[in-house]
Amino acid sequence: MINFKEKVSDALSAVIEELSKEEIDNLVETPPSFDMGDYAFPVFRLAKTYKKAPNLIAEDIKEKLGDNEYFEKIENAGPYVNFFVNKEKLLETVYKDIEDKGEMYGSSDMGKGKNVIVEFSSPNIAKPMHIGHIRSTVIGNALYHIFKHLGYNTIAINHLGDYGTQFGMLIAAYKLWGDREAIEKNPIDELLDLYVRYNKLQELDPAARDTARDWFKKLEQGDEEATEIWTWMKQLSIVEFEKVYDMLGIKYDSYKGEAFYSDKMPAVIEEIKEKNIGKMDDGAYIVDLKPYNLTPLIIVKSNGTTTYATRDIAAARYRKKTYDFYKNIYVVASEQNLHFQQWKQVLKLMGDEWADDCIHVNFGLISLKDGALSTRQGRVLKLEDVLNKAIEKTRDIIEKRNPNLENKDEVAKMVGTGAIVFQELFNQRIKDYVFDWDKTLSFEGETGPYAQYTYARCKSLIDKNGGFDPSKVDFDLVKDEAYEILKYVYDLPRTIVMAMEKYEAFYITRNIIDIAKAFNKYYAANQIITDDEKLTNSRLAIVDITQKAIKVGMNLIGVQTPDRM
């Protein structure tokens with residue numbers, strides 16, 4: 001594909017000796033409006049050298065540049081030199097690249113030979129996956145696909161919360177009130193009920209807290225009964241979790257949770273002691289991080305049990321040894337910012353130079369209209385229920401709008417789950433928000449269903465005409481009317497790289513909506529199938545570019561695109 005920004009830098013470096021090509025390239029901007037050109041070069045840096053007003057410098061540079069085959073025109077506007085891309089070359093390069101690559105459009109080999117781990121979702125076993133888990137789950141899945149698209153060897157890890165005092169609580173609760181048969185029939189609800197009941201018991205009877213801690217200590221020490229109950233609860237939980245992952249089309253390479261690293265922690269603790277990094281403090285073994293403006297990190301509690309920070313250190317070291325990762329990405333809520341800063345600092349103190357390759361991709365919290373989510377109090381909105389309700393509502397809409405649609409259930413699943421995923425990824429991940437059914441399941445405006453409908457419309461137009469003949473495409477007929485679409489499709493590969501660099505899938509969702517809006521505007525203004533065979537084929541080529549670009553973008557964020565809606 002033609003790199004038009006590079007062509008701008010090439011042209012400018014030929015007439016500006018005072019700046020290197022790299023410096024020029026860093027200064028080239030994308031104007032806020034198409035009317036101002038496709039690229040702009042500000043000349044302020046040259047004012048002192050040329051001893052002229054910026055507008056006069058821009059005028060001189062424009063005159064020196066002359067004509068250029070890659071640009072329809074080059075203009076000076078105040079202190080800027082503006083470049084307008086040759087629309088026919090733009091169309092040709094986009095069409096050729098997207099036709100050649102198809103669903104791999106925007107892909108590259110930039111990550112060849114580099115391993116990237118993406119840890120995401122990571123629910124606690126024996127508890128329901130609630131709406132709060134949607135963020136880590138879909139952000140992580142999108143990053144997994146984005147890195148993979150750019151040639152990285154990507155590994156998806158579900159670091160299950162399957163260890164810690166809470167499991168001592170669950171074992172203690174099961175020993176008091178558990179009904180094995182009832183739990184196997186309805187695992188998550190029954191286990192959640194035990195968890196909530198035991199929390200209430202602890203508030204009334206402090207001794208219950210000690211009992212829970214004792215059971216977890218037994219689990220850490222390999223007690224046969226504790227291990228059997230814990231293993232059974234974990235297996236039941238994974239089966240339930242996978243129902244949700246199947247609905248979202250998510251697959252994992254590893255389900256290694258916290259417990260996997262239990263036998264790897266003694267070596268970590270011993271090394272911290274050998275390197276004299278930690279110290280005893282009120283019965284606990286800690287690493288004092290005050291010199292780094294951080295609170296102390298507990299390595300071993302006063303009762304002899306470990307912490308999940310210790311397990312995270314062991315896990316990071318295991319992953320480095322096993323995968324020799326380029327990046328080890330953790331998609332975890334912003335409330336864990338301090339935790340990640342602490343254990344990464346401990347890794348550095350232990351001499352692990354790769355600690356900064358462990359990346360915390362944080363995100364804002366989600367709450368309900370009537371308050372925050374709380375598993376302890378039993379106030380949860382199950383993710384499976386959210387997805388099922390979205391599918392159900394979509395099915396009702398299909399019955400009203402297109403009752404004869406084939407595969408209604410399949411389409412309802414694609415569109416319903418797609419609506420949830422797309423909304424989650426449409427805004428910057430760091431923002432907190434309140435979950436609202438009406439907003440989440442809206443099928444108007446900048447939504448997943450809107451993008452999916454645009455894709456389906458494109459497929460329908462091409463099928464209605466029986467396809468199109470590429471040999472009868474005349475780009476000169478459509479280059480002006482389809483320019484806005486082409487610009488957004490041309491930007492998609494750059495947007496994918498930006499999403500990877502900033503760990504922000506919302507760049508892609510915004511680009512998808514821009515393409516969809518531009519196409520629907522084009523569709524409203526132009527008859528696609530006409531009596532003119534060449535014009536019809538040319539416009540269908542634009543339709544084909546659009547549907548392929550939307551599909552690429554949607555695939556990257558984990559949303560399917562139905563051919564009919």
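Below you will find a few notes about this structure.

Definitions and limits used
Residues numbered from 1 in each chain as written. Predicted model: local features only at pLDDT ≥ 70, side-chain atom pairs only at ≥ 80, totals over all residues. Heavy atoms only, no water. Phe/Tyr/Trp six-rings, centres within 6.5 Å; stacked < 30°, edge-to-face > 60°. Helix = DSSP H or I, 4+ residues; strand = E, 2+ residues; numbered from the N terminus. Lys NZ or Arg CZ within 6 Å of the ring centre and 35° of its normal. 1 Å grid on protein atoms, 1.4 Å probe; cavity = no way out; pocket = protein on both sides within 12 Å on 5 of 7 lines; lining within 4 Å. Points joined across faces, edges and corners; volume = space filled by probe spheres on them. Nonpolar A, V, L, I, M, F, W, Y, C, P; charged D, E, K, R; others polar. Buried < 20%, exposed > 50% of the residue type's maximum accessible area, 1.4 Å probe, protein only. Pairing = 2+ DSSP bridges. Expected span 1.5 Å × (residues − 1). Contact = heavy atoms within 4.5 Å. Axes fitted to C-alpha atoms, helices over the stretch in contact; angles between N-to-C directions. Salt bridge = Lys/Arg side-chain N within 4 Å of Asp/Glu carboxyl O.

Quick notes on the packing of aromatic side chains
- Considering all chains together, one arrives at 28 aromatic pairs under this definition.
- Measuring from ring centre to ring centre gives 5.8 Å for Phe-34 and Tyr-488, while their planes differ by 55 degrees; the resulting arrangement is tilted. In this pair, Phe-34 is assigned in the loop between helix H2 (21-27) and strand S1 (39-42) and Tyr-488 in helix H20 (residues 483-502), connecting sequence segments 454 residues apart.
- When the centroid spacing of 5.0 Å and the interplanar angle of 90 degrees are considered together, the rings of Phe-260 and Tyr-261 count as edge-to-face.
- A connected cluster of aromatic rings, assembled from ring pairs, spans Phe-4, Phe-71, Phe-83 and Tyr-490.
- The ring of Trp-232 is capped by Arg-180, whose NZ or CZ atom sits 4.1 Å from the centre of that ring.
- Here the basic side chain of Lys-256 rests over the ring of Phe-260, its NZ or CZ set 5.1 Å away from the ring centre.

Notes on the layout of surface pockets
- Its boundaries defined by the atoms lining it, the second largest pocket holds a volume of some 470 Å³.
- As for the second largest pocket, its lining consists of 15 residues, of which Asn-3, Lys-5, Tyr-39, Tyr-490 and Arg-494 are closest to the centre.
- Among the elements that take part in the lining of the second largest pocket, H20 stands out by supplying six residues, more than any other.
- Taken together, the residues that form the lining of the second largest pocket break down as seven nonpolar, two polar and six charged.

A closer look at the pairing of S1
- With burial as the criterion, each face of S1 is covered, one bearing Tyr-39 and Phe-41 and the other bearing Ala-40 and Pro-42.
- Here S1 pairs with strand S3 (residues 80-85) via four bridges, running antiparallel. Residue pairing across strands places Tyr-39 opposite Phe-83, the latter belonging to S3.

As for helix H9 (residues 187-204)
- An ideal rise of 1.5 Å per residue puts 26 Å on 18 residues; H9 measures up with 26 Å between its terminal C-alpha atoms.
- Within H9, the full set of buried residues consists of Pro-187, Ile-188, Leu-191, Leu-192, Leu-194, Tyr-195, Val-196, Tyr-198, Asn-199 and Gln-202.
- On the buried face of H9, the contacting elements are helix H7 (165-177), helix H8 (180-185), helix H10 (206-220) and helix H11 (224-248).

Considering the sheet that holds strand S10 (residues 358-361)
- Spatially, the four strands line up as an open sheet ordered S5-S4-S9-S10, and their pairing is parallel. Looking along the sheet, the strands with just one partner apiece sit at the ends: strand S5 (153-157) and S10. Mean inter-strand twist for the sheet, computed between neighbouring axes without regard to direction, equals 20 degrees.
- For strand S4 (residues 115-119) and S5, the ladder comprises five bridges, and the chain directions are parallel. What sits directly across from Glu-119, in S5, is Ile-157.
- Strands S4, S5, strand S9 (327-331) and S10 of the sheet are contacted by helix H6 (residues 134-149), whose axis makes an angle of about 155 degrees with S9.

A look at the pairing of S9
- The buried count for S9 comes to five of five residues, which makes it a mostly enclosed element.
- Side chains of S9 alternate between two faces, with Lys-327, Ile-329 and Val-331 and Asn-328 and Tyr-330 buried alike.
- Inspection of the sheet shows S4 paired to S9 by four bridges, in the parallel sense. Of the residues in S9, the one forming a bridge with Val-116 is Lys-327.
- Both S9 and S10 contribute to a ladder of four bridges, which runs parallel. Its bridge partner lying in S10, Tyr-330 is registered against His-360.

Thoughts on the pattern of salt bridges
- Enumeration over the complete set of coordinates arrives at 43 salt bridges.
- Ionic pairing is found between Lys-185 and Glu-181, a salt bridge with its closest N-O pair at 3.7 Å. Taken together, the residues span about one helical turn, with Lys-185 and Glu-181 both in helix H8 at a distance of four residues.
- Ionic pairing is found between Asp-352 and Arg-317, a salt bridge with its closest N-O pair at 2.8 Å. Pair noted here: Asp-352 is in the loop between helix H14 (337-349) and S10 and Arg-317 is in helix H13 (residues 308-323), with a separation of 35 residues, a long-range link.
- For Asp-352, a relative accessible area of 10% gives the class buried.
- Three or more residues are tied together by salt bridges with common partners; here these are Glu-271, Lys-275, Arg-317 and Asp-352.

Take it as geometry only, folks, not as evidence of what the structure does.
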